[in-house]
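Coordinate inspection notes
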Amino acid sequence: VFISGMQVNGIALGLNYNWSGAVSSVLSAQRSVSRIGPALLTLECATGDPAGRFWTECLLSLFTPPILLAVAAAVWGTVFACRLRTQVQCEARFVATSVIFLLQAYPSLCQQAFRMLQCRVVGRNPEDRFLQHDLSVRCYSTEHTKFLVVAILMLLFYVVALPVAASVELRRRGVQSMLGRWQ
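Residue positions are given per chain, counted from 1 along the sequence in the order it is written. Only residues with pLDDT of at least 70 get local features here, since the model is predicted, and only at 80 or more are side-chain atom pairs given and counted; chain-wide, interface and lining totals rely on the full set of residues. Computation of side-chain values covers all heavy atoms of the structure but excludes hydrogens and water.

Overview of the state of the cysteines
Here, a disulfide means two cysteine sulfur atoms that sit within 2.5 Å of each other. Across all of its chains, the model carries 1 disulfide by this definition. Bridging C119 to C139, the disulfide has an S-S length of 1.9 Å. Between C119 and C139, the S-S torsion sits near -105°, and that sign places the bridge as left-handed. Placement of C119 in strand β1 (residues 119-121) and of C139 in the loop between β3 (134-138) and α6 (142-173) is noted, with a sequence separation of 20 residues between them. Of the two residues examined, C119 and C139, each falls in the buried class. Where helices and strands are cited, they refer to DSSP runs of H or I of at least four residues and of E of at least two residues respectively, numbered from the N terminus. Under the scheme applied here, a residue whose accessible area is under 20% of the maximum for its type counts as buried, over 50% as exposed, and between as partly exposed, the area being computed with a 1.4 Å probe on protein chains only.

Here's what the structure looks like:
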């Protein structure tokens, strides 16, 4: 909720309004903190190969949700194994933690999926289209196919299915009953 509030404040910075210097600084700082997802997924400092960096970021984005779910399962499985909470409490907290994790990652996942589809014309020939975020990859070439496959998987599973599954699961479990079990 806190980060979502900062995201809204960051959006306010983009509005066509003449903010004072202090307000602009605060909004800018909040926007920076609210964009922590893409900052964590960037590999500019970790990899020396700029051509493979974007592909690595794409794969990392593809596997982020399963990793987040595994972390939530490990944490709440450990809590249950140590008998610190009941199974019902741990299950409710696992679902809540998973939804929070995935909702926080959702904007970055959507952005990454669409980045793999962004092609731009380079030069005068309109057929010279290259992947905007990796200009070494010609669009619709054999090499670009791997980006398209990952993008389609991410669009289907994360952009569409993830919010639907989260809504169905929350409705099935009942948000009010989950809140009661959380305490």
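Regarding the confidence of the model for the chain
Per-residue confidence for the chain gives a mean pLDDT of 79; residues scoring 70 or more make up 71%. Every residue gets a pLDDT, meaning the predictor's confidence in that residue, from 0 to 100. Averaged pLDDT values over the elements of the chain bottom out at 51 in helix α3 (residues 36-41) and peak at 91 in strand β2 (residues 129-131).

A few points about the pattern of salt bridges
Whenever Lys or Arg places a side-chain nitrogen within 4 Å of a carboxyl oxygen from Asp or Glu, that contact is recorded as a salt bridge. Applying the stated criterion across every chain, the model contains 2 salt bridges. Close ionic contact of E57 with R115 constitutes a salt bridge, the shortest N to O distance being 3.7 Å. Note that E57 is positioned in helix α4 (residues 50-81) and R115 in helix α5 (residues 87-115), a separation of 58 residues in sequence. For R138, the salt bridge identified is with D128, shortest N-O distance 3.1 Å. Placement of R138 in strand β3 and of D128 in the loop between β1 and β2 is noted, with a sequence separation of 10 residues between them. The class of R138 is partly exposed, set by a relative accessible area of 37%.

With respect to the packing of aromatic side chains
Within a pair of aromatic rings, the relevant descriptors are the distance that separates the centres and the angle that separates the planes. When two rings of Phe, Tyr or Trp (its six-membered ring) have centres within 6.5 Å they constitute a pair, described as stacked for plane angles under 30 degrees, edge-to-face for angles over 60, and tilted for the intermediate range. Tallying each qualifying case throughout the model produces 2 aromatic pairs. With centroids separated by 5.6 Å and ring planes inclined at 20°, the aromatic side chains of F54 and F147 adopt a geometry described as stacked. Placement of the pair is F54 in helix α4 and F147 in helix α6, with a sequence separation of 93 residues. Pair check on accessibility: F54 and F147 agree, each one buried. For the pair W55 and F147, a centre-to-centre distance of 5.1 Å together with 75° between the ring planes defines the contact as edge-to-face. One end of the pair, W55, is in helix α4; the other, F147, is in helix α6, and 92 residues separate them in sequence. Both residues of the pair, W55 and F147, belong to the buried class. For a lysine, the NZ atom is tested; for an arginine, the CZ atom; a charge sits over a ring if that atom is within 6 Å of the ring centre and within 35 degrees of the ring normal. Here the basic side chain of K146 rests over the ring of W55, its NZ or CZ set 4.6 Å away from the ring centre.

Looking at the sheet that holds β3
The sheet built from 3 strands is open, its strands ordered β1-β2-β3 with antiparallel pairing. Of all strands in the sheet, those with a lone pairing partner are β1 and β3, marking the two edges. Between one strand axis and the next, the sheet turns through 50° on average, direction left out of account. The criterion for strand pairing is that DSSP finds at least two bridges linking the strands in question. For helices, the fitted line uses only the C-alpha atoms of the stretch in contact; every axis is such a line through C-alpha atoms, and the angle between N-to-C directions lies from 0 to 180 degrees.

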